[in-house]
Amino acid sequence: MIAPMHHFLSADRSALARNRQHARVSVVMPVYNEAAILQQLTDAVRTVLKDCCADFEIVYVNDGSSDDSRELLDQLAATDDRIIVIHLARNFGHQAAVHAGLEHASGDAVVLMDSDLQDDPAAIPQFLAEWENGFDVVYAQRFNRKESLPKRVLFHTFYRVLNSIAGSPMPTDAGNFSLMDRAVVDALLQLPECERYLPGLRSWIGFQQTGVKVERMARHDDQPRVSLAGLFKLAKTAIFSFSSFPLTLFYIIAGVSGLVCLSSISFVLYHKAFSGLAIPGWTSTIITASFFGALNALGISVLGEYVIRIYDQVRARPIYLTKSKRNHIQQSTMTSQ
Ligand code: UDP
Ligand code: MG
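Residue numbers run consecutively from 1 along every chain, following the written order of its sequence. Lettering for chains starts from A, numbering for ligands starts from 1, and both go in the order in which the items are written. Only residues with pLDDT of at least 70 get local features here, since the model is predicted, and only at 80 or more are side-chain atom pairs given and counted; chain-wide, interface and lining totals rely on the full set of residues.

### Looking at the overall build of the chain
- Helix and strand assignments follow DSSP, with helices taken as H or I runs no shorter than four residues and strands as E runs no shorter than two, numbered in order from the N terminus. For the chain, the helix and strand inventory stands at 11 helices and eight strands.
- Within the chain, the proportion of its 337 residues that are buried is 32%.
- Any two residues are considered in contact once their C-beta atoms, placed from the backbone, lie within 7 Å. If you take every contact in the chain between residues at least 6 apart in sequence, the share linking residues at least 24 apart comes to 83%. With C-beta atoms placed from the backbone, a residue is buried if 20 or more other C-beta atoms are within 10 Å of its own, exposed if 12 or fewer are, and partly exposed between those counts.

Dropping the structure here:
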């Protein structure tokens, strides 16, 4: 694996690189079946970028869309060479598409956002202002989410649980929408994880980070491309990749149930010794046995989650594969066409 050229340049970048009048800004967006919104999205992002920075590129990653996104993206790239399009070989999933976009972005600052207009491009100038103030990561802290109540409760709980059990601090209510300095993007690309949870990796990296409150807009249609099962899988990735608490929990459970067992045995022996009565209890025996059987199975499943991750990592398959590209000038040899 050969590192991209800018790995070696980032350390001695001039102060001008942090000035939007001189810097290049990349906006990376994963796309999965978003044909209906692509023109409007491109116009909105381009208008914001034209007004706020001198040089920019928009990097679309088509994550194996089955609608007209592919043709539309190619048309957009044909009319504007600042629009770079990466077509993945199949649908690799949101996080893999984000990773592909980061690998193909060349900006001094890279903005990451969804392509469904839930992330408001109007926040980009605010991100850039904080970047110029010296922050390396500026993430959106979402408020006023428009999803259903159960989904909002789940998101709220997830961020707080993760924050309390993760080995490194995780900002709450911060998803992918963010700006990262080139040095941060290079550092992220060096992390070898196959199963990626970008908000976690981004905060694990450190550097100077700050949050900006950004309203989460409604989706342009009512059909999220990441299913509930997909969100659940992502939550599992976040928890098992950033915390060993699930394993610790089993030490605690084993300790507590051991104590309960010991005291029950003492209780039974005490009765047998002093009253000569054995305590009848076929039902309680069965319940206790099945309870501990279930507990063992759960413990093994938790262990399995870590084993799956080790297995994925050892197989070391690439995070994504590309089929073709538009307007992209090869800078790195990390992934092949
Ligand atoms: N997306 C993707 N690949 C997928 C699923 C989604 O690239 O397999 C893109 C999608 O087009 C959107 C972003 O990822 O731009 C977030 O997807 P979605 O809106 O479904 O997620 P949510 O906002 O509900 O978290
Ligand atoms: Mg969305």
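### Remarks on the sheet that holds strand S6 (residues 174-181)
- Reading across from one edge, S7-S5-S6-S4-S1-S2-S3-S8 is the order of the eight strands in this open sheet, with mixed pairing throughout. The open sheet has two edge strands with one neighbour each: strand S7 (209-215) and strand S8 (322-326). If you compare each strand with its neighbour and ignore which way they point, the axes differ by 20° on average.
- When DSSP finds two or more bridges between a pair of strands, those strands are recorded as paired. Pairing between strand S4 (residues 109-112) and S6: four bridges, direction antiparallel. By the bridge assignment, Leu112 is partnered in S6 with Ser178.
- Contacts from helix H7 (residues 182-190) reach S4, strand S5 (137-143) and S6 within the one sheet, and its direction differs from that of S6 by about 120°. Throughout, an axis means a line fitted to C-alpha atoms (over the contacting stretch in the case of helices), and angles, computed between N-to-C directions, take values from 0 to 180 degrees.

### Concerning unusual backbone geometry
- The backbone of Asp173 sits at a positive phi, close to 60°, despite the residue not being glycine.
- Assignment of secondary structure puts Asp173 in the loop between helix H6 (149-165) and S6.
- Since 21 C-beta atoms lie within 10 Å of it, Asp173 is described here as buried.
- Look at Phe207: it is not a glycine, yet its phi comes out positive at around 60°.
- Take Phe207: it is sitting in the loop between helix H8 (198-205) and S7.
- Among the residues examined, Phe207 registers 14 C-beta atoms within 10 Å and is labelled partly exposed.

### Overview of the UniProt feature "domain: Glycosyltransferase 2-like" (unreviewed entry) in the chain
- As annotated by UniProt and renumbered to match this structure, "domain: Glycosyltransferase 2-like" (unreviewed entry) occupies residues 26-187.
- Along residues 26-187 the backbone is 43% helical and 24% strand, and the end-to-end C-alpha distance reaches 17 Å. UniProt positions are given in the numbering used here, feature names are shortened, and annotations may be inferred rather than shown by experiment.

### Quick word on the UniProt feature "transmembrane region" (unreviewed entry) in the chain
- When the UniProt feature table is mapped to this numbering, "transmembrane region" (unreviewed entry) covers residues 249-270 and 282-308.
- Taken end to end, residues 282-308 is 100% helix and 0% strand, and its first and last C-alpha atoms sit 39 Å apart.

### Quick word on the site of ligand 1
- Here is the check we use: build the C-beta atom from the backbone, and if it is within 6 Å of the molecule or strand, call the residue near. In the vicinity of ligand 1 lie 17 residues, with Pro30, Tyr32, Asp63, Pro224 and Arg225 positioned nearest.
- At the level of secondary structure, the elements contributing two or more residues to the shell around ligand 1 comprise strand S1 (24-31) and helix H4 (94-104).
- Think of it as three bins: nonpolar holds Ala, Val, Leu, Ile, Met, Phe, Trp, Tyr, Cys and Pro, charged holds Asp, Glu, Lys and Arg, and polar takes everything else, Gly as well. Here the residues of the shell around ligand 1 are counted per class, giving six nonpolar, five polar and six charged.

### Comments concerning H8
- Taken residue by residue, H8 has Leu198, Pro199, Gly200, Arg202 and Ser203 as its buried positions.
- Against H4, S5, S6, H7, S7 and helix H9 (228-242) lie the buried residues of H8.
- Gly206 lies just past H8 and shows a positive phi near 90°.

### A closer look at the pairing of S4
- What you see with S4 is no split at all: Ala109 and Val111 on one side and Val110 and Leu112 on the other are buried throughout.
- Pairing of S1 with S4, which is carried by four bridges, proceeds in the parallel orientation. Counted as the bridge partner of Val27 is Val111 from S4.

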